[in-house]
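Residue strings, one per chain:
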Amino acid sequence: MKKMLSAAGVALLTALTAVFAFGQPAQAATGFSVSNGRLYDANGTEFVMRGVNHAHTWYPQQTSSFANIKALGANTVRVVLASGDRWTKNSAADVANVISLCKANRLICVLEVHDTTGYGEDGAATTLAKATDYWLSIADVLKGQEKYVIVNIGNEPFGNQGYSAWTTDTSNAIKRLRAGGLTHTIMVDAPNWGQDWSFTMRDNAGTVFNADPQRNTVFSIHMYGVFDTAAEISDYLGRFRTAGLPIVVGEFGFNHSDGNPDEDAIMSYAQTNRIGYLGWSWSGNGGGVEYLDMTTGFNPAQLTSWGQRIFNGANGIAATSREASVYAGSSPSPTTSPTTSPSPTTSPTPSTPPTTTPPPAGGCTATLTVVNSWQGGFQGDVKVTAGSAAITGWTARWTFANGQTVSQAWNATVSGSGSAFTARNVDYNGRLGAGASTTFGFIGNGSAATPAVTCSAS
């Protein structure tokens, strides 16, 4: 993000020069892929991003943010990284840890280099070519993560000067990444500080898409003051939809120094048209835009008005987000409410399958499954299922036998006393229809264990 636009921002240029129709990529997908303007995960399930931006590179100690973002319902986090050209470089080991945090919390990682912000106008910014050098330098930690990671080459790669080079520079960056062996879905940002008032990205998106030999590129528009009316929002996004080109709102806010974006229209249009959005930003803003923090001091219990709006408001994350099916093993329903739909999958069966009995009317059952383990830790998933009558809330309880503890959790509020742990639903997954299920997860410290879980309903 984000600075005041020049006076040229009022210019209106021509409409899309052509309409493109694109089919399936030539190669079978090992990770995310694009077809007919839609993004699909590695299972072939359509994926619509619902998430936020997190300024990891400036706040690397805030690793609990990943679990907290997930707990509020997000399915994606866009992570700010630095190539070392403007800010301290994020090492390959640090990026690998970020990816592991995303995976542990069942989030899709959109990784972006921020050093390119405003190139051509901001003298401290660097080029897309330099950002590409960075991605190739850490290719070893990116390869093999195509199911979970999207590579956003560079944040807002041009300001309001020199942006005519956007098409060539972006195309060249994509081709270099492909030549370097990266097969991930690539995301590219618009020029003009991300807002594309010149329509450079809009009118040249087809050229850039075709420059990708895998046809696996997604376009990202940042919506601040330029997008202050519903008509501007629907016209811009609608042209990509008509052209069969994939578009996401990679950043947006509820207010900004360059104008007042219409966040209600952004979220409504995105939901109606199955377009992803990623709000800016979780916490830690400065430079006069502190009002864009969604939480106070990275504390998820202290949502700001912007945080309440994007997570819990109409067309917000809690109501519209669907977890990527690569974490569940099968396709979730795209049409039913996340608070009432049956669980889309059966959890992987552990070595000793849990035994449950049918829940009574108005009651619930819960089963714990270990889905991943490593030296000194493990990841547990708990499936909560309502009985023959709807419930409005649930509480799950279990006791570890060998000193295990819980370090973080998502989709539930988990507390512990000694070896006993209690998990309670969060706002968006307490109401379950008769026979419906929801899941929550946690990271455990110690040896993997699957204790019996009791469930009570309200």
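As a reminder, the structure under discussion sits directly above these lines.
All values derive from a computational prediction rather than experimental measurement. (Residues numbered from 1 in each chain as written. Predicted model: local features only at pLDDT ≥ 70, side-chain atom pairs only at ≥ 80, totals over all residues. Heavy atoms only, no water.)

## Remarks on the overall build of the protein
Counting its secondary structure elements, the protein contains ten helices and 20 strands. Per-residue burial over the protein gives 56% buried out of 458 residues. For the protein, the proportion of contacts with a sequence separation of at least 24, taken over those separated by at least 6, is 75%. Just so you have it, the protein exposes about 16900 Å², and 50% of that area is on carbon and sulfur atoms. (Helix = DSSP H or I, 4+ residues; strand = E, 2+ residues; numbered from the N terminus. Buried < 20%, exposed > 50% of the residue type's maximum accessible area, 1.4 Å probe, protein only. Contact = heavy atoms within 4.5 Å. Areas by Shrake-Rupley, 256 points an atom, 1.4 Å probe, with all protein chains shown as cover.)

## Digging into the state of the cysteines
Inspection of the entire model under this criterion finds two disulfides. In this model C102 forms its disulfide with C109; the gap between the sulfur atoms is 2.0 Å. On the sign convention where negative means left-handed, the S-S torsion of about 70° between C102 and C109 marks this disulfide as right-handed. Looking at the protein, its bonded cysteines, counted consecutively from the start of the sequence, adopt the pairing 1-2, 3-4. (Disulfide = S-S within 2.5 Å.)

## A look at helix α8 (residues 263-272)
Residues E263, A265, I266, M267, Y269 and A270 constitute the buried set of α8. Summarising the contacts, the buried residues of α8 are in contact with β3 (50-54), β8 (217-223), α7 (230-243), β9 (247-252), β10 (276-279) and α9 (305-312). Positive phi appears at R274, one or two residues downstream of α8, with a value of about 55°.

## So, the side chain of D196
Secondary-structure assignment places D196 in the loop between β7 (186-189) and α6 (200-211). Of the side chains bearing the opposite charge, R202 lies closest to the buried D196, which forms no salt bridge; the N-O distance is 6.1 Å. A polar contact is formed between the side chain of D196 and the side chain of Y236, at a distance of 2.6 Å. Setting aside chain neighbours within four positions, we find D196 in contact with A190, P191, M201, R202, I221 and Y236. (Lys, Arg positive; Asp, Glu negative; His and termini not counted. Salt bridge = Lys/Arg side-chain N within 4 Å of Asp/Glu carboxyl O. Polar contact = N/O pair within 3.5 Å; in protein donor to acceptor, adjacent residues only side chain to side chain.)

## Let's talk about the pairing of strand β5 (residues 108-113)
For β5, the tally of buried residues reaches six of six residues, placing the bulk of the element in the interior. Side-chain alternation along β5 places I108, V110 and E112 on one buried face and C109, L111 and V113 on a second face that is also buried. Summarising the sheet, strand β4 (residues 76-81) and β5 pair through six bridges and their orientation is parallel. Counted as the bridge partner of R78 is V110 from β5. (Pairing = 2+ DSSP bridges.)

## A short note on the sheet that holds strand β20 (residues 454-457)
Read across the open sheet, the four strands follow the order β17-β18-β15-β20; overall the sheet is antiparallel. With one partner strand each, in any of the chains shown, β17 (413-417) and β20 form the two edges of the open sheet. For this sheet, the mean angle separating the axes of adjacent strands, direction not counted, is 20°. Pairing analysis gives five bridges linking strand β15 (residues 394-399) to strand β18 (residues 420-424), with the strands arranged antiparallel. The partner of A396 across the bridge, within β18, is A423. (Axes fitted to C-alpha atoms, helices over the stretch in contact; angles between N-to-C directions.)

## Focus: the environment of M267
Relative to the helices and strands, M267 is located in helix α8. Under the relative-accessibility criterion, M267 is labelled buried at 0%. Along the primary structure M267 and Y277 are separated by ten residues, whereas in three dimensions their C-alpha atoms are 7.6 Å apart. Once residues lying within four places of it in the same chain are set aside, the contact partners of M267 are F252, Y277, R309, I310, A314, N315 and G316.

## Re the pairing of β15
For β15 and β20, the ladder comprises four bridges, and the chain directions are antiparallel. Residue pairing for β20: T395 is matched across the bridge by S456.

## Re unusual backbone geometry
Look at the link from W280 to S281: it is a cis peptide, with omega at -15°. Tracing the backbone shows S281 in the loop between β10 and β11 (295-296). Not every positive phi belongs to a glycine, and E156 is a case in point at roughly 40°. For E156, the position within the fold is in the loop between β6 (149-152) and α5 (166-179). Unusually for a residue other than glycine, D196 sits at a positive phi of about 50°. The buried category is assigned to D196, whose relative accessible area is 0%.

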